[in-house]
Amino acid sequence: LRLVLPIAPVNVHLLLDELIQVTRADPATRAIEVRCAFDPSLPEIRVDVRAFARVFRNLMRNAAEAQGGTGVIELATSYAADYSRVMRDGASARFVKIEFRDDGPGIPPEIKERIFTPLFTTKANGTGLGLAIALKIVEDHGGFMRVLSRVPRGSIFEVYVPIDVSRERGGEPS
């Protein structure tokens, strides 16, 4: 099943800035220090803004919970130099990479391989749907997610979103 999404061009940094404001206003995450390393040269991405705000909220909440509501979360954006995709017309699509880094305990390998599985959770009050829904949203936009664990020094969640090739070339979106 592929959903028809209300796609619009958006500056990913504006979405992340809104996320940071929500994080700072929430009593449960107010003690989190958010550090940013944003690449200002990134083009807009074409996404369902509400859906991607949900993805980013979920990743921020998970990072904050992994650290017990304190610590540092680093957000970074960049061109994904290590990934591209060949499109039907032969053009190569590049990706924007959005990283969420926390300094929690990390994710053990036996859990890491299951974290995107619907209904799998390690939280007492978790539903096991947050990361599964986040992954589905990202995939519905032609992207993908990766998780890197640095037990016991935290985790990195990477979200890859394709850059609209036609806009990057100065044309109209396809």
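Look a little higher up for the structure.
Summary of the structure given here.

Reading the values: rules and limits
Residues numbered from 1 in each chain as written. Predicted model: local features only at pLDDT ≥ 70, side-chain atom pairs only at ≥ 80, totals over all residues. Heavy atoms only, no water. Core = buried A, V, L, I, M, F, W, Y, C linked by side-chain atoms within 4.5 Å. Buried < 20%, exposed > 50% of the residue type's maximum accessible area, 1.4 Å probe, protein only. Helix = DSSP H or I, 4+ residues; strand = E, 2+ residues; numbered from the N terminus. Contact = heavy atoms within 4.5 Å. Pairing = 2+ DSSP bridges. Axes fitted to C-alpha atoms, helices over the stretch in contact; angles between N-to-C directions.

1. Concerning the nonpolar core
Core analysis: the largest hydrophobic core is formed by 37 residues, its most contacted members being Phe52, Phe56, Ile98, Phe100 and Phe157. A per-element tally of this core places helix α2 (residues 49-66) first, with 8 residues. Setting aside residues no more than four positions away along its own chain, phenylalanine 100 makes contact with Leu16, Leu19, Phe56, Leu59, Met60, Glu74, Leu75, Ser155, Ile156 and Phe157.

2. What to know about the side chain of glutamine 67
Structurally, glutamine 67 can be placed in the loop between α2 and β4 (71-86). Look at glutamine 67 and you get buried, because its relative accessible area is 12%. Sequence-distant contacts of glutamine 67, that is, excluding residues within four places in its chain, are made with Ile32, Val72, Ile73, Asp102, Asp103 and Gly104.

3. Side note on helix α4 (residues 130-140)
An α-helical segment advances 3.6 residues per turn. Residues three or four places apart therefore align on the same side. When α4 is considered as a whole, its buried residues turn out to be Leu131, Ala132, Ala134, Leu135, Ile137, Val138 and Asp140. Buried residues in α4 make contact with α2, β6 (144-149) and β7 (155-162). Phi turns positive one or two residues past the end of α4, at glycine 142, with a value near 80°.

4. Digging into the sheet that holds strand β2 (residues 32-37)
Read across the sheet, 5 strands follow the order β2-β4-β5-β7-β6 without closing on themselves; strand pairing throughout is mixed. Taken across any chain shown, the strands that pair with only one partner, and hence form the sheet edges, are β2 and β6. With strand direction ignored, the average angle separating the axes of adjacent strands in the sheet is 25°. Both β6 and β7 contribute to a ladder of 6 bridges, which runs antiparallel. Looking across to β7, one finds that arginine 146 is bridged to glutamate 158. Lying over the sheet, α2 contacts β2, β4, β5 (92-102), β6 and β7, oriented at roughly 30° with respect to β5.

Honestly, that's just the spatial picture; any functional story needs more than this.
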